Structures are given as structure tokens and as C-alpha cells.
Amino acid sequence: MSAPTRMTLAQARDALAAKKISARELTEAHLTAVEAARPLNAYTVETPEKALAMADASDARLAKGEAGPLEGIPLAIKDLFCTEGVESTAGSHILKDFKPAYESTVTANLWRDGAVMLGKVNMDEFAMGSSNMTSTYGGVVNPWRRNGSDEKLVPGGSSGGSAAAVAARCALGATGTDTGGSIRQPASFSGVVGLKPTYGRCSRWGIIAFASSLDQAGPMARSVRDCAILLRSMAGFDAKDSTSVDVAVPDFEQALTGDVRGLKVGIPKEYRVDGMPAEIDSLWQQGIDWLKAAGAEPVEISLPHTKYALPTYYIVAPAEASSNLARYDGVRYGLRVEGETLDEMYEATRGAGFGDEVKRRILIGTYVLSAGYYDAYYNKARQVRTLIARDFKAAYETVDVILTPTAPSAAFAMGANMDDPVAMYLNDVFTVPASLAGLPGISVPAGLSMDGLPLGLQLIGRAFDEETLVRTAGVLEEAAAFTAEPAFIAGD
Amino acid sequence: MALIEGETGKWEMVIGLEVHAQVISNAKLFSGASTAFGATPNSQVSLIDAAMPGMLPVLNRECVAQAVRTGLGLKAKINLTSVFERKNYFYPDLPQGYQISQYQQPIVGEGVLTIDLPDGSTKDIGIERLHLEQDAGKSMHDQDPRRTFVDLNRSGVALMEIVSKPDIGSAEEAGAYIHKLRSILRYLGTCDGNMDEGSLRCDVNLSMRRPGEPLGTRTETKNVNSIRYVQQAIEYEARRQVEVLEAGGVIEQETRLFDARKGESRSMRSKEEAHDYRYFPDPDLLPLVLEQEFVDGLAAELPELPDEKKRRFMEDYGLSIYDAGVLVAEQANAAFYESVLAGGKRDPKLAANWVTVNYFGALNASGTDLDDAPVDAAKLGGLLDLIADGTVSSRLAKEVFEAMWESGKDAATIVEEKGLKQITDEGAIEAIVDKVIADNPGQVEQYSSGANPKVIGWFVGQVMKASQGKANPGTVNQILKRKLGG
């Protein structure tokens, strides 16, 4: 048996079941790794006492033969999830020290199945960002380095803490949330697997909202199998979320058959964007070849409205965010900065509480919903969104799954792109269309850049067909045989 | 249409009302918190009502059913697809920073409400729409010299905003509109209509024009929370607008706030200061899609509404439009009347008279509710039976009724105890008549000489008095005429 923190989630699960390791030992090893990984700034809150108590409870259940599917598995929880009695701040100063009296449905599902909470992990403020640099806690350091360089890189975002924690082996898995790519892009940047389920697959109840029509929780882990295992526990209909969909949750792990023979894989020509680095393009071709070699059939498809996806996303998401974030007004909880008048209190509180990127998006969102601009921006964006969804629907009449790169580049330096929001937004160019269409997507580490940084490939599936996604991702993963390791591994 | 006589000629009022009616439901529109009135501040607040991070609204189906029932009661189009939108603005008693309301696609479309005017005529007032929305909490500015306190008990309670077309032409019609709307809501059980508790609140849109000319600019007067205040606010605003217009001024489109103490309104904000609410479909909620069967099921269970009931009372019971109108105004009153009738073979008109005049009079005088009244429908029916079979005279019946109200006993017992049974025995009456005639020769002379034929009425009075009111007046009359010769 390898070191406890170096196991995959599935390996750890099997080791626990075989009593080769106790949940307490596994958790202790991870708590040590969490401490060792502090320079990454991945964890915002460590909950060792809670973790050990949960591990002991897991050991008791394991002993009694009442183990849940995730019994004793230590996980990192993105700070966007409300966790009872534990700071849940969305990476924002405005929610500094906010400790909810309730537990999000997704995390409650994980604990129900026996998982252990190691702590909360860093993220872009209110999940707005692709670098994790907008967090009130500061940026997260990507455990990876370019060959021969010690420059600190971003892990991607917004689920940057989740990606870094998993990559650095200080969690077996993590929860992420994805609004326009916030699971898939950091997974690609950090060399881990990230799965954004179909919109409605996981309950949004208790997840601090960014853009309600796009937000979706999903797993991040070091293998496709691990993500499949986590998703099964996270997913499920929840009457407390009106947009949650009442469909059966399959055992996604069972979908890992390794067989993609006859599967039609769509290759959308519109994703060959101008200025795409050659290494991304060639990795994409490599992916096509791998799937073809496994018996799948690549089919060139057209998703004609792809070029409108990014501008559409950057209208819809800020519009919803401007309204969702109105509740942070200093009246009931979180930060309050006093003022002489009510308006002054609002201005001082929100001025001090929100960072620049959040303010920028609130301003954009407020603008596009304003009288006189609504039809030109928000309404138009909604219409285009419908067209984008229709593109996918048409494509799925001929293909079963779609293969694209996850992000247009490898991880970039901390601090890069900070003064150029549009360049930052371009990170989402390949992930946003599936978000707008509500479709499931997964990023699988498939190779290294010339600099030695991980690059991911994305698969996009039919709505509620995560099984095909997982099956295809498994084949890709096996073909890619991605064994490279980051420069920093906790405990090494 | 009431016309206002100005300095320069006649003016016509054009009024539209927006009524906010609190939906009767156990739980709020999007949360499970209680809606009971008068609870300790902030004791009925769920995580959703307080807009805690990550909380999501879940639509309460009963509130939807209530809105559909109300729409059906207003003979309105039920929209099988409607959309909840967010109305965004900041205020401390609005925890989410937006109110979930319906905007472009309300649950109920156009309908009609027939109002009853004092002269017995009716007028149809168009209903523009009805939509569901959340109520806000309550800001309390009077608890502390510097601070404002917020009570979120009301936050998230379901309201129906019922918007009339600008078909209302006078304060009187506006009053009749609210009366009728409230009556229908109570019949339907969708709103208790209690204006004192804020269950029914009203905004008045009003403009003035010369008869026959196009619509003028309107103002909206907010926060008018009794029928009397609505009428005051209309009279005040109509006068104000006429004065402005006749002085050559223009009416500014603005929102005005009514001050009930002064009976006046003042400008709250102009069109330029109007909020930009940035409405957009609430992404936390899917469009509300109703099955036609659901609507049909509610329609089938709808109670008989005041207009139908009134028509039936007039046709089946031969009641006057006035009596029928009084009886159907409240469902409980109409039900009481019908249960009086149902207790036996009783004269509907006599019953209507007794219920509307004597019985409701006694309720009003004693400040009692129908439910707590000492005389129930069966007892009142018993009294009507004694009148019908001649056991008590109409005059004595009033005395019997008063005694019943005092004691709670039934009519027969009172008649027995007080000896108020009508004397119909001719022999007994004749003896009294003979005595009165013998005692009053002067009056007999006046009658028989033909000098004063009306003196017979005086004789009847004397006989009744001598019998302590128990003699049957008809019999007394007959015997008197026979004895006096005539």
C-alpha cells in the first residue's frame, strides 16, 4: 500500500474496507498533509477536530459493517458550500466569519455517506474568477511549476483551492462548483479530474449563489473513477431546490467499462479558435486519436453559435449575480460598516466587503438589466443562450459526446491577466458553452505543455448522461496515462 | 360617472385601483414559515425569509391554488404558464434585495368585477391582471430615536396584487369596488380582507380629463388602507389635479403617499426618481406551469359567489334587490338567512326582514359576531313560526325577540313565561271591547256621528293596551267595527 495521501479515493476506500488502514489513520495522514501544504494557501479553514471525530465515527461504522459509500474518505470543501458551524464565506470579506446554522444539501449528502471534512478551501470571491486571485484570503499557489522555473502559478479558478488541494495530495477529493468552467478549468490547470454535472443534478441548496441558472456543484479528484464515486453521493433530487431535477442517480462507477467502441465523438470545428496554442491543438488531436484507437468514431460537428457563448455568459452570469449579491447589505449578517444614513451604510459595507472583480460584475449585471438596456443585452443574451443550447441538441442527434480542449492555455503566473479582465474571461471560452446549455462536462488531464504544465481535455455530454461522459473520460484517462506529478506534494 | 365642476367646466375622474390582498395560507409563498398575524417580531422567519446565503425559494402550491381560485372568482383568464421575476431594490425590510413577483406573465389575466351602486344599479369594472408576489418585512422607525428595527414576520408572505382597469369613475365606485372585491375574496376564502391588519391594502391611480377627451397624466397614491381613506384620497387628489389643471399647470406623473391623519397626500417621488427595478425572471424558480385539470378542479369546487347568490335570492325567494344585496354581502350572513329558511316552511320575505332588520340590528347594537350571538338560526326560525301561526303578534314578536336575545331562550319558552301569547279567543276580546266602549261614550259618539271616523284607531289602541298587547289586532278591528256599527 502506498502512502495514505498518495492513494486515489477508490484505493483508499478499498483499503478502508479491507481494514488495511483505519479512517483515523487516513484522516491523520491528510491532516498532516494539510498542514504541510499551508504555503499553497489552499485551505482557508482547517477543521482537524471535526475531521478526527468524523473519522472515528467512520471507524465505528466500518467496524459494525455499516459503512457508507464514502466511509472515512477525507475531503476538502469549497468555501462556497455552507457548512454548519464552520466559516462559509465564498472567499469574500463581506461574509468574514460567517458561520451558517445549516449544512448544504451536497455536503450533507457526503457526510451521510461517511465522508470526512478536512476543512474549507479557497476560491475566487463568490466564484468569480479563473485564477483564484480574487479571494479575500489571497491567491492559491498551484503545486505545479514550469520546468526549471520557480515562478508561482495560479491553480485556475474559481475552484482553485479544491484543485490545488487535490493535486498536492492534501485531500482525496474535493467539492467544486462550476458556473462557467470553475471546476473544469482549475482541474486542467492543476492536473486533476473535474466533473461539472448536468444543471439540476446536484442540489444548489446551501451553496452560496453566484449565477443561479448556471451554478452547479461537482467533484474534483485524481481520477475519473474518484469523480464518479463522489458524484454518486453528491447528486440527487432535492425538493428544497426548485431547479433540482428528479431523475435517478445511477452508480456512475459502473459506467467505467472501458468500452467506447462505436461511440460517436463530436469534434466541434468552432472550438479551433484564433491564436490557440499549437500544443493545445495537438493535444486535442491526440485525444481524438486515442478515442479513435479505442474504437470510437470522431465526427466533425458544427456548433455555430459558439463564438457568442462568452459574451452571452458575461451578460447572463453578472446579471444574476448583481441580484443574488444584493442580500449582502450589512443588515442581517456578515460585514457591516456603519454610516450616517442607510445609503451610506450600504455603500460603505458593500464598498469594503466586495473585491474589485465582484464589484465589476455587479456593475455589469446592473447595467445589462437596466431599463433601456435590458432588451439589447440581457434579453438578447437569453435568446442567444437558447440558440447555443439548440446547437448542442442538434449535435447530439448525430454524436454521443463532444471532445474539446478544456482551456486555451496552461496555468499562468499569479498576478498575470489581473489588469485585463477580458483576457482573464477568455479562459472560459471552451467551458462556457456547456454551462449555458446546462450540459455535463468533465476535464481529464491528458498531457503536459512544453513547459511541463498539465493540460486537460474536456468531454461534454448529453443532459443527464454523465455515464457516457464518465465512460469516455475513463478511456481517455487510460490512454493518456497521465502520471506526471506536481512540483509540490504535501509531505514529500 | 361623477363629474367634478371646476372653475372652467366639468372634469371626469379616471381611477384604477391596485389592491394587495394577503393570501390565506398556513405558510409563506416560498418558505414554510407561519403567516399568523400578531406574533412576536422575527419569530416567524425561515432561513429563506431572512435571505441567508445559499437559501432557495420553493413555491407553495396552496398559494397558487388561492390565486387561481381568486382569478376564477373574478371571471378572469387563468394563465397556464406564468413566470416569477425579481424586482430589485434595496431596503432593510427586503432581505433578498429583491421581491419575487410576477411581471410580464402573471398567473391571472383579464377579468371583470360587477360593483353594486347605492341606487340599485350595477357597473362592470375590468380586471387587468392578478399576480402573486412576496410581501416585505416591516421597518419600525418608532422604537428607538436613532435606529430602525426590522420585523421579518411578514417577509415572504404571499400577496395577490389585483389591478383594475381604469374603469372606476368616482370615490363612491371605488368604495363599491373594494367592498365587492373583499366580499368575493372572503367568499372564496382566499383573503380575509381585514384592512386593519393590513390584509388588504390599496394604491389609487387617478387622472382627470374633460369628458370625452383622452386620458390625462395619472398619479399613484400609495398606502391607502381603508375604504374611507381610499375615498378621501380620491376626493383629495381629484380636487388637487383640477386645481393644478385649471391654473394652467400640468400633472406630474408621480407617486404620492397618503396621510390618513390629515386626509391629504404628498409627493413621494417623481417619475425621474422612480426606481429602476431591473425585473428579470427569477433563475431560482422554473416557470409556473399549471395543468388545465388543476384549474378545472378548483373551478368545480368554487362556492356560489355574491352575484349569483343575490340573483338566486331574488328569483327563488322573491327578495328585493336591496334585501338580497344586504344578505349576500357576507357569505356567513347569507348562510344564516338560508339556515333560518331551511328550518321549516317559512316566508322568505318575512325571514329576510327579520334577519336584516331585527337580527342584524341586534348584532350591531351588541357588537356581537354571528358565531357568538345568543339567538341562533333555529331559535329565530322558531319565533317566525310563532308569528306565522298567530301565536304572537308582530308587535309582541319584537318584545319576544329582545327577551330571547337577553336570555338565549327559545321563542316558545319566552312566550310561555311572559304570557305573551296572542289572544285570539273572540269572547275574551269581545269582553275587553265592550268594556272600552262602555268606558268611553264620548269617543263612541264621535265615531257614530261620523264626525271622526279615524277614532276607531284610538279604540284599537285602547283595546290592545287593555289586553297588554296580546289581543289579535285583526280580530279587535273586526269586533270593534261590528260593535260600533259601521
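Residues numbered from 1 in each chain as written. Chains lettered and ligands numbered in written order. Predicted model: local features only at pLDDT ≥ 70, side-chain atom pairs only at ≥ 80, totals over all residues.

A. Spatial organisation of the domain arrangement of chain B. Residue and element names in this part refer to chain B. What the domain assignment reports for chain B is domain 1 (3-298), domain 2 (304-418) and domain 3 (426-484). Taking only C-alpha atoms, the centre of domain 1 and the centre of domain 2 are 37 Å apart. Counting residues at the interface gives eight residues for domain 1 and nine residues for domain 2. Broken down by element, the residue count for the side of domain 1 that touches domain 2 peaks at four residues, all from helix α2 (residues 171-188). Here the residues of the side of domain 1 that touches domain 2 are counted per class, giving two nonpolar, four polar and two charged. (Domains from an automatic or database assignment. Contact = placed C-beta atoms within 7 Å. Helix = DSSP H or I, 4+ residues; strand = E, 2+ residues; numbered from the N terminus. Nonpolar A, V, L, I, M, F, W, Y, C, P; charged D, E, K, R; others polar.)

B. Representation of unusual backbone geometry in the model. Note the cis peptide between G157(A) and S158(A), where omega equals 10 degrees. Tracing the sequence through the fold places S158(A) in the loop between β3 (116-121) and α5 (160-167). Even without glycine at this site, A127(A) takes up a positive phi of about 65 degrees. As for its placement among the helices and strands, A127(A) is situated in the loop between β3 and α5. Positive phi values are uncommon outside glycine, yet N223(B) reaches one of about 70 degrees. Of note, N223(B) is situated in strand β12 (residues 219-224).

C. Representation of the environment of L188(B). All names here are of chain B. On the secondary structure map, L188 appears in helix α2. We classify L188 as buried; it has 21 C-beta atoms within 10 Å. As a C-alpha pair, L188 and E291 span 103 residues in sequence and 21 Å in three-dimensional space. Beyond its immediate sequence surroundings of up to four residues, L188 is in contact with R69, T70, G73 and P303. (Buried ≥ 20, exposed ≤ 12 C-beta atoms within 10 Å, placed from the backbone.)

D. Quick peek at helix α14 (residues 455-466) of chain B. Residues and elements named next belong to chain B. Across its 12 residues, α14 extends 17 Å between first and last C-alpha, which sits within 8% of the 16 Å expected from 1.5 Å per residue. Taken together, the buried positions of α14 are F459, Q462 and V463. Taken end-on, α14 shows its buried residues confined to a sector of 95 degrees, consistent with a single buried face. Exposed residues lying more than 90 degrees from the buried face of α14 are G457 and K465. On its buried face, α14 sits against α12 (426-439), α13 (441-448) and α15 (473-484). (Expected span 1.5 Å × (residues − 1). Arc of directions from axis to C-beta.)

E. Molecular detail of the interface of chain A and chain B. Between chain A and chain B, the residue contacts involve 33 residues of the former and 25 residues of the latter. Put simply, the parts of the chain that give the side of chain A that touches chain B at least two residues each are α9 (309-324), α10 (342-353) and α11 (356-369) of chain A. Residue composition of the side of chain A that touches chain B, grouped by class: 17 nonpolar, nine polar and seven charged.

F. Region of interest: the pairing of strand β7 (residues 122-134) of chain B. All names here are of chain B. In this structure, strand β6 (residues 111-116) lies alongside β7, joined through six bridges in antiparallel fashion. Each bridged residue has a counterpart across the sheet, and for D116 the counterpart in β7 is T122. Linking β6 back to β7 in an antiparallel pair, the connection comprises five residues, with G120 at a positive phi of about 90 degrees. Bridge count between β7 and strand β10 (residues 158-164): seven bridges; the pairing is antiparallel. Following the sheet pairing, R129 is matched in β10 by V163. (Pairing = 2+ DSSP bridges.)

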